[in-house]
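As a plain string of letters, each chain reads:
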Amino acid sequence: MTLTTPAGHGSALVPVKDPVLEIRNLSVDYGYDADPVHVLRDVSLTLGRGEVLGLAGESGCGKSTLAYAATRLLPPPGLITGGEVLFTDRDGTTTDILRLDDTQLRASRWQDLAIVFQGAMNSLNPVFRIGRQIADGIRAHRPGVSQQEALERSAELLELVGISPDRLRSYPHQLSGGMRQRVMIAMALALDPQVLIMDEPTTALDVVMQRQIVEQIADLRERLGFSVVFITHDVSLLIEIADRIAIMYAGEIVEDAPALDIYHRPRHPYSSALLHSFPPLRGPRRELSGIPGSPPDLARLGAGCPFRDRCAFAFDACATVDPGLTIPDVAGDDPRRAVACLRHDAAAVRAAGFEPQPVPVELSLR
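Throughout what follows, the structure given in this document is the object of discussion.

Definitions and cut-offs
- Residues numbered from 1 in each chain as written.
- Predicted model: local features only at pLDDT ≥ 70, side-chain atom pairs only at ≥ 80, totals over all residues.
- Heavy atoms only, no water.
- Phe/Tyr/Trp six-rings, centres within 6.5 Å; stacked < 30°, edge-to-face > 60°.
- Helix = DSSP H or I, 4+ residues; strand = E, 2+ residues; numbered from the N terminus.
- Buried < 20%, exposed > 50% of the residue type's maximum accessible area, 1.4 Å probe, protein only.
- Lys NZ or Arg CZ within 6 Å of the ring centre and 35° of its normal.
- Core = buried A, V, L, I, M, F, W, Y, C linked by side-chain atoms within 4.5 Å.
- Contact = heavy atoms within 4.5 Å.
- Salt bridge = Lys/Arg side-chain N within 4 Å of Asp/Glu carboxyl O.
- Expected span 1.5 Å × (residues − 1).
- Arc of directions from axis to C-beta.
- Axes fitted to C-alpha atoms, helices over the stretch in contact; angles between N-to-C directions.
- Parallel < 35°, antiparallel > 145°, perpendicular 65-115°, else oblique.
- Left-handed = near helix turned anticlockwise from the far one by under 90°.
- Polar contact = N/O pair within 3.5 Å; in protein donor to acceptor, adjacent residues only side chain to side chain.
- Pairing = 2+ DSSP bridges.

For the rest of this paragraph, the subject is the packing of aromatic side chains. Applying the stated criterion across every chain, the model contains four aromatic pairs. Each ring, one from Y68 and one from F117, has its centre 6.1 Å from the other, and the planes form 45 degrees; the classification is tilted. With Y68 in helix α1 (residues 63–70) and F117 in the loop between β6 (113–116) and α3 (120–123), the pair connects residues that are 49 residues apart, well separated along the chain. By relative accessible area, which is 21% here, Y68 ends up partly exposed. A relative accessible area of 23% places F117 in the partly exposed class. Taken together, the ring pairs connect Y249, Y270 and F307 into an aromatic cluster. It is R132 that lies over the ring of F128; its NZ or CZ is 3.8 Å from the centre.

Shown next as structure tokens:
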């Protein structure tokens, strides 16, 4: 996707200040034959230093694929076909993670970027005690650290995430789901990374434990200063923790904006539909409305907007014109906002020979 300035809009997109991670035009295919499935298509995101970036969307939209591709953990038959993943260190040195050799990549993992996987029970080794697993990770990157020093550091990390140090001798099956997830967070923070990628860390937890984990992450971010990419299908959860939210659909970013703007003023029909699929905690009751249909089959994705078959605001141009990320032409909008919707891109619609359509009230109210 390209970023354009729509006709009649005088400002350009304001770049994120002090970026620590920039994903530029990242593309991923599944399959090595002559007809691969394009699961990510020119995805671009920027994470600011100290920022929490939420990544939301339905299952199968490419969120986890994006995380694994950016950290080069993508399993076969996944194949990165283009793009850059630029990491900027505290001293200003910028490195393309996709160009690192194996030795450089091993040194970068857990020190520059760390990841918390979705299933903590599947990520922890069931036959080793928690303390050994954390200590082994520390010593793998810090050869000069003794086993005793690594265990002492492991105890400090457990205390950091609210677990008693005596749990170092516990096996994963002896911990609750919430405690296992906290152990994974402790392991990810062991080497003081600058970026923490969290792949749906609260999906398997009850709402009370979800709240505790989210509060824990927010507190640690404030204390340690790392940046977070928080991946989930629950937009309501991101409203509480994220500074900015990017909405994914069918392997593309369809809206990228400050979290409160997404919540109060969604510009893309898909963002609006996601927000209307969960009940508000305050204010008057309102009828919930699900999103009709299912996400498209990426193996048979044709031209046009991939959301058009489920969109209440689709018009003729949506079937043939591919929407690009553009700045919505709405007075007073944040210049950091970008939306991939033809209702907000009159220039692209005219260029394709169609008549632009007005922006619906639901997608234009401040």
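Turning next to the nonpolar core. By size, the foremost hydrophobic cluster in this structure holds 104 residues, and its most contacted members are L21, L66 and I185. Setting aside residues no more than four positions away along its own chain, I185 makes contact with V116, V161, M198, I213, I217 and L220.

A few words on the environment of L45. Mapped onto the elements, L45 comes out in strand β2 (residues 37–48). For L45, a relative accessible area of 7% corresponds to the buried category. Each C-alpha atom of the pair L45 and N25 lies 8.6 Å from the other, and the pair is 20 residues apart in sequence. The contact partners of L45, leaving out residues within four places of it in the chain, are L21, E22, I23, L53, L55, L66, A246, I253 and D256.

Now for the pattern of salt bridges. Side chains that differ in charge, positive against negative, can pair when their charged atoms come close. Inspection of every chain in the model, using the stated rule, returns 19 salt bridges. With a shortest N-O distance of 2.8 Å, R211 and E240 are connected by a salt bridge. Note that R211 is positioned in helix α7 (residues 207–224) and E240 in helix α8 (residues 235–241), a separation of 29 residues in sequence. According to the relative accessible area criterion, R211 is partly exposed, its value standing at 40%. With relative accessibility at 45%, the residue E240 sits in the partly exposed group. Salt bridges linked by common partners bring E22, R24 and E84 together as one network.

For the rest of this paragraph, the subject is α7. Counting along an α-helix, one turn takes 3.6 residues, and residues three or four places apart therefore face a common direction. Between its terminal C-alpha atoms α7 stretches 26 Å, which fits the 26 Å expected from 18 residues at 1.5 Å a residue. Within the sequence span of α7, burial applies to M209, Q210, I213, V214, Q216, I217, L220 and R221. Burial along α7 is one-sided: seen end-on, the buried residues are contained in an arc of 160 degrees. Exposed and oriented more than 90 degrees from the buried face of α7 are V207, V208, E222 and R223. Where the residues of α7 are buried, they touch β3 (52–56), α5 (147–160), α6 (177–188), β7 (195–199), β8 (227–232) and α8. Positioned one or two residues after α7, G225 has a phi angle of 80 degrees, which is positive.

On to the packing of α6 against α7. α7 packs onto α6 with a crossing angle of 20 degrees between their chain directions and a minimal axis gap of 10 Å. What the angle tells us is that α6 and α7 run roughly parallel. α7 is crossed by α6, and the crossing has right-handed handedness. The segment α6 lies against α7, with G178, Q181, R182 and I185 engaging M209, Q212, I213, Q216, I217 and L220.

Structurally, T232 can be placed in strand β8. Within the local environment of T232, its side chain forms a polar contact with the backbone nitrogen of D234, the two atoms lying 3.0 Å apart. Setting aside its immediate chain neighbours within four residues, T232 contacts L55, A56, G57, K63, E200, L237 and L238.

Quick look at the environment of R265 now. Among the secondary structure elements, R265 is positioned in the loop between α9 (259–264) and α10 (269–275). The spatial distance from the C-alpha of R265 to the C-alpha of S44 is 22 Å, given a sequence separation of 221 residues.

This part covers the environment of A155. Note that A155 resides in helix α5. Its relative accessible area of 16% is what places A155 among the buried residues. Linking A155 and E58, residues 97 residues apart in sequence, is a C-alpha distance of 37 Å. With near-sequence residues (within four places) excluded, A155 lies in contact with P165 and L168.

A separate point is the sheet that holds strand β11 (residues 338–339). Strand order in the open sheet formed by seven strands is β6-β7-β8-β3-β9-β10-β11, with mixed pairing between adjacent strands. Where the open sheet ends on each side, the last strands, each with one partner, are β6 and β11. In this sheet, strand β10 (residues 252–258) lies alongside strand β9 (residues 244–249) in antiparallel orientation, the contact comprising six bridges. Bridged to I245 within β10 is A257.

The buried fraction of β3 amounts to five of the five residues, a majority that puts the element mostly inside the structure. What you see with β3 is no split at all: V52, G54 and A56 on one side and L53 and L55 on the other are buried throughout. Bridging between β3 and β8 involves five bridges; their strand directions are parallel. In the sheet register, A56 faces β8, and the bridge partner there is T232. The pairing of β3 with β9 spans four bridges and is classified as parallel.

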